Amino acid sequence: QEQKIKALVDSQNWKSIVIKPSIGCDGEEVAFFHSFHCDAIEHVGTIVNSSDTNADSRSDFLNKVAMIQPFVSSIQTQGEVSMIYIDGIFSHAVRKYTSEGEYLVQERFGGGFESIEASAEMLLVGQQTISSIDSLFEKQPGGLSSLLYA
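Remember, predicted model here, so these are calculated numbers, not experimental data.

Its twelve residues place the ends of helix H2 (residues 38–49) 16 Å apart at the C-alpha level, agreeing with the 16 Å of an ideal helix rising 1.5 Å per residue. Listing the buried residues of H2 in full gives Ala40, His43, Val44 and Ile47. Each buried residue of H2 lies within a common arc of 105° when the element is viewed along its axis, so the set occupies one face. Every exposed residue of H2 that faces more than 90 degrees away from the buried side is listed here: Cys38, Glu42 and Asn49. In the core, the buried residues of H2 are packed alongside strand E1 (17–21), strand E2 (31–33) and strand E3 (66–70).

Bringing the nonpolar core into the picture now. For soluble globular proteins, nonpolar side chains are generally found buried alongside one another. One finds Ile5, Val9, Ile17, Ile19, Ala31, Phe33, Phe36, Ala40, Val44 and Ile47 forming the largest nonpolar core, which totals ten residues. Broken down by element, the residue count for this core peaks at three residues, all from H2. Excluding its chain neighbours within four sequence positions, the residues that come into contact with isoleucine 17 are Val9, Ala31, Phe32, Phe33, Ser35, Phe36, Ile68, Gln69, Pro70 and Phe71.

What follows concerns the packing of aromatic side chains. Under the criterion given, the structure shown has four aromatic pairs. Arranged with centres 4.8 Å apart and planes meeting at 75°, the rings of phenylalanine 32 and phenylalanine 71 form a pair that is edge-to-face. Residue phenylalanine 32 is found in strand E2, and its partner phenylalanine 71 is found in the loop between E3 and helix H3 (74–77); the two are separated by 39 residues along the sequence. With relative accessibility at 18%, the residue phenylalanine 71 sits in the buried group. Residues phenylalanine 71 and tyrosine 103 carry aromatic rings whose centres are separated by 6.5 Å and whose planes lie at 80° to one another, so their mutual orientation is edge-to-face. With phenylalanine 71 in the loop between E3 and H3 and tyrosine 103 in the loop between strand E5 (89–97) and strand E6 (112–116), this residue pair connects regions lying 32 residues apart in the sequence. The structure contains a cluster of three or more aromatic residues connected by ring pairs, namely Phe32, Phe71 and Tyr103.

The three strands lie next to each other as E4-E5-E6, forming an open sheet whose pairing is antiparallel. With partners counted over all chains shown, the strands left at the sheet margins are strand E4 (80–86) and E6, one partner each. Shown here is a sheet whose adjacent strand axes are inclined to one another by a mean of 30°, direction ignored. Inspection of the sheet shows E4 paired to E5 by seven bridges, in the antiparallel sense. Among the inter-strand pairings, glutamate 80 is bridged to a residue of E5, identified as lysine 96. Contacts between helix H4 (residues 120–137) and the sheet are confined to E4, E5 and E6, with E4 contributing the most and set at about 55° to the helix.

Criteria and thresholds
Residues numbered from 1 in each chain as written. Predicted model: local features only at pLDDT ≥ 70, side-chain atom pairs only at ≥ 80, totals over all residues. Heavy atoms only, no water. Helix = DSSP H or I, 4+ residues; strand = E, 2+ residues; numbered from the N terminus. Expected span 1.5 Å × (residues − 1). Buried < 20%, exposed > 50% of the residue type's maximum accessible area, 1.4 Å probe, protein only. Arc of directions from axis to C-beta. Contact = heavy atoms within 4.5 Å. Core = buried A, V, L, I, M, F, W, Y, C linked by side-chain atoms within 4.5 Å. Phe/Tyr/Trp six-rings, centres within 6.5 Å; stacked < 30°, edge-to-face > 60°. Pairing = 2+ DSSP bridges. Axes fitted to C-alpha atoms, helices over the stretch in contact; angles between N-to-C directions.

Shown next, in the form of structure tokens:
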């Protein structure tokens, strides 16, 4: 498994990576690595094998899965934008930003957020994304409205 992951990271030519739970919040268990090495492998194991002793029975069905993605350095300089849609309709946009030298945008790591005006390009990409998700979920009970977060 390790070799497959390393091969993927290498094949994508990712110089730095972020490893985090596929389902999570507030930067919990998120870690930055300059490459996929022993510490990164250990972190994947920590996520997959961790259990939340405070979790209620609703979380019992969730399999812990680690997500590996390239580190996007513009998050440190430009932040990241969240486009908020309710029932498939755009509501508002928020720019989340890091503190100096940090890579996480959450307030507990010194980050913050501000309301922004979505550009025409942002709205276009957002609508394309919603349409793609809608087509994937059209046969699911509740369709797009069954999603809480995407």
